[in-house]
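Survey of secondary and tertiary structure
In case you want the letters, here they are:
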Amino acid sequence: MCGIVGVISNAPVNQLIYDALLLLQHRGQDAAGIVTAGPDANGTKFFMHKARGMVRDVFRTRNMRALPGTVGLGQVRYPTAGNAYSEEEAQPFYVNAPFGLVLVHNGNLTNAHALKRELFAVDRRHLNTESDTEVLLNVVAHELEQAARDLPLTANEVFKAVGAVHRRIRGSYAVVCLIAGHGVLAFRDPYGIRPLCLGEADGPDGRSVMVASESVALEGTGHRLVRDVLPGEAVFIDLDGRVHARQCASNASLHPCAFEYVYLARPDSVIDGISVYQARLNMGETLAQRIVSTMPPSEIDVVIPIPESSRPSAMQVAQKLGKPYREGFVKNRYVGRTFIMPGQGMRKKSVRQKLNAINAEFRDRNVLLVDDSIVRGTTSKEIVQMAREAGARKVYMASAAPPVRFPNVYGIDMPTKGELIAHDRSIEEIRQFIGADALIYQDVDAMKRVIRALNPRLAGLEASCFDGCYVTGDVTAEDFEMLAAQRPLQLEEDGELASRLALQSETES
């Protein structure tokens, strides 16, 4: 997953994009980049700065001063393919023809390898990184060149090019592309797997139009949410701020990623008409029903969330069970993310550095711990042990999400099947592994039902990591092998490949 933003304004946009990226920082902490256009009369000169690290560390005053212009885009990166350490693979990506294009992308192309061969052999385009975003940029560039050959570039040619892009690429993609001297193009895959929304603002310098991954980036920068970009739709914002939109895919249908509502998105965002916070409350309600059907509530003394994404679900569980809700863990926000620590031993140590138990909330109590999801199980095992050491008589674990049994191929860097604790294991086997006295998971159908109930326009949910059904319908066993090979080149010191989703509840807010 990544966070992307694009904006056209009558005023300088560097600070606006910076602020939006801060609001999207939870979607990626590995790298950040901003590009602006202007300030020459045609707005055709690009100014770019990108580097590895958090937004606040990548952009200093000197960098911001070097980003003039009233048009721009930005991205925070969470790599799911290519080299996680490469500065070159930080976004935005640039190509000089046609017109001059800069592009940011959230998602994952499942046919990237085939496209690389096609781009070289047929389109005569050269790629210099392993990033699927560079593949996507060159496909967009080729199709724009074909659509606008010997013609002035208008919205019609742009939409024709996007239609051709949809026919060539597979997977998930939310895209923002800056076309030098013309405007900003945004489009979404035909299933709407990754989110993208449109907002507007009227300020003292005039009107500005913004597209971003989540509504929180719009609202936090003074924009009002107008609507979501539809699946398969392209939105072209010209340099005068006029918004042109057209459906560019055949048979488009809305299947947003369920994991956005479970964990990825901020709770104060609204994605595809659904409040993320309300979705998590609803998942807590159905989880409470599962708990009651599994064990007598009288055996539970207190409900404790594992910070932070699980809090809404845990609060609803406590209310439905009639049990006290307590904060039993304090989170230290100033410790490095566990998945970049060298070796599994250091990763375990870092869990304890990041979370500290309040002994008084555990001592002589039967505690129900609620997490948003359980992926590898190693973090859950460590947290259960922390609860016991804090004095809990019994430790029960509940997951607001169903068991994660299958890899994700649409832009979330899930571990391979062998690393997923729920793959080919029974609930009892998982319970024994993490050391809990009881383990309760959300039901897949219940999760889908309560999310879809918040917006009847949803055709379904992309929930492949839970149910193994890949919504694009073109994912094969060979694709799994190829995607595994594309995983970020992030070897730990002991030679073990690090999972970038090792600690589920540690997103920096």
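Owing to the predicted nature of the structure, the values given are computational and were not obtained by experimental measurement.

A few words on the overall build of the protein. Looking only at helices and strands, the protein has 17 helices and 21 strands in total. Looking at the protein as a whole, 63% of its 509 residues are labelled buried. Nonlocal contacts in the protein, meaning residues at least 24 apart in sequence, comprise 71% of its contacts between residues at least 6 apart. Working note: accessible area of the protein is about 18700 Å², and carbon and sulfur atoms make up 49% of it.

We now examine the sheet that holds strand E11 (residues 224–228). The antiparallel open sheet is built from seven strands, whose spatial order is E3-E2-E4-E1-E10-E9-E11. Of all strands in the sheet, those with a lone pairing partner are strand E3 (46–52) and E11, marking the two edges. Neighbour-to-neighbour, the strand axes of this sheet turn through a mean angle of 15°, independent of strand direction. Two elements, strand E9 (residues 197–203) and strand E10 (residues 206–212), share seven bridges in a ladder whose sense is antiparallel. Each bridged residue has a counterpart across the sheet, and for Cys197 the counterpart in E10 is Ala212.

Once that is clear, we can look at the confidence of the model for the protein. Residues of the protein with pLDDT of at least 70 account for 88%, and the chain-wide mean is 89. The low-confidence segment residues 337–347 (pLDDT under 50) makes 38 contacts with residues lying over four places distant or belonging to another chain. Between residues 489–509, whose pLDDT stays under 50, and residues either more than four places distant or in other chains, the model counts 91 contacts.

In this model helix H5 (residues 132–147) runs 23 Å from its N-terminal to its C-terminal C-alpha over 16 residues, within 8% of the 22 Å that 1.5 Å per residue would give. Buried residues dominate H5, accounting for 14 of its 16 residues. Measuring from the side-chain oxygen of the N-cap residue of H5 to the backbone nitrogen of Thr133 gives 3.1 Å; that N-cap residue is Ser131.

As paired elements, strand E12 (residues 233–238) and strand E13 (residues 243–247) share five bridges and run antiparallel to each other. Its bridge partner being in E13, Glu233 is matched across the sheet by Gln247. Remark: four residues form the turn of the hairpin made by E12 and E13, two consecutive strands paired antiparallel; Gly241 in that turn has positive phi of roughly 85°.

What follows concerns the side chain of Asn111. Secondary-structure assignment places Asn111 in the loop between strand E6 (101–109) and helix H4 (112–121). Engagement of the side chain of Asn111 in a polar contact is seen with the backbone oxygen of Arg168, the distance being 3.0 Å. The residues touching Asn111, leaving out its near neighbours within four places in the chain, are Arg168, Ile169 and Arg170.

Further remarks concern the sheet that holds strand E20 (residues 394–399). Taken in spatial order, the four strands make up an open sheet running E16-E19-E20-E21, and their pairing is parallel. In this open sheet, the two edge strands, each paired with only one partner strand, are strand E16 (302–305) and strand E21 (438–441). Strand-to-strand twist across the sheet, computed as the mean angle between neighbouring axes with direction ignored, equals 25°. Where strand E19 (residues 366–371) and E20 come together, six bridges link them in parallel fashion. Residue pairing across strands places Val367 opposite Val395, the latter belonging to E20.

The next point concerns the packing of aromatic side chains. All chains considered together, the criterion is met by seven aromatic pairs. Where Phe259 meets Tyr263, the ring centres are 6.2 Å apart and the plane angle is 75°; that geometry is what we call edge-to-face. On the criterion of helical spacing, the pair formed by Phe259 and Tyr263 is a turn pair, its members being four residues apart in helix H8 (residues 258–264). Among the aromatic side chains, those forming a connected cluster through ring pairs are Phe259, Tyr263 and Phe466. A cation over a ring is seen here: Lys50 above Phe93, with NZ or CZ 4.9 Å from the ring centre.

Moving on, we come to H4. Residues separated by three or four positions in an α-helix point in the same direction, a consequence of the helix having 3.6 residues per turn. Where H4 is concerned, the buried positions are Ala112, Leu115, Lys116 and Leu119. Here the buried residues of H4 occupy an arc of 105° about the axis, which is enough to place them on one side.

So, about the pattern of salt bridges. Per the stated rule, a full pass over the model turns up 29 salt bridges. Between Arg27 and Glu260 there is a salt bridge, with its nearest N and O atoms 2.8 Å apart. Of this pair, Arg27 sits in the loop between helix H1 (14–23) and strand E2 (31–37) while Glu260 sits in helix H8, and the two are 233 residues apart along the sequence. Each of the two residues, Arg27 as well as Glu260, counts as buried. Across the pair Glu327 and Arg311 runs a salt bridge, and its minimum N-O distance is 3.0 Å. With Glu327 in the loop between helix H10 (311–321) and strand E17 (329–331) and Arg311 in helix H10, this residue pair connects regions lying 16 residues apart in the sequence. Take Glu327: its relative accessible area is 29%, and that puts it in the partly exposed class. For Arg311, a relative accessible area of 26% translates into the label partly exposed. Three or more residues joined by partner-sharing salt bridges are found here, namely Arg27, Arg194, Glu214 and Glu260.

Definitions and limits used
- Residues numbered from 1 in each chain as written.
- Predicted model: local features only at pLDDT ≥ 70, side-chain atom pairs only at ≥ 80, totals over all residues.
- Heavy atoms only, no water.
- Helix = DSSP H or I, 4+ residues; strand = E, 2+ residues; numbered from the N terminus.
- Buried < 20%, exposed > 50% of the residue type's maximum accessible area, 1.4 Å probe, protein only.
- Contact = heavy atoms within 4.5 Å.
- Areas by Shrake-Rupley, 256 points an atom, 1.4 Å probe, with all protein chains shown as cover.
- Pairing = 2+ DSSP bridges.
- Axes fitted to C-alpha atoms, helices over the stretch in contact; angles between N-to-C directions.
- pLDDT = per-residue confidence, 0-100.
- Expected span 1.5 Å × (residues − 1).
- Polar contact = N/O pair within 3.5 Å; in protein donor to acceptor, adjacent residues only side chain to side chain.
- Phe/Tyr/Trp six-rings, centres within 6.5 Å; stacked < 30°, edge-to-face > 60°.
- Lys NZ or Arg CZ within 6 Å of the ring centre and 35° of its normal.
- Arc of directions from axis to C-beta.
- Salt bridge = Lys/Arg side-chain N within 4 Å of Asp/Glu carboxyl O.

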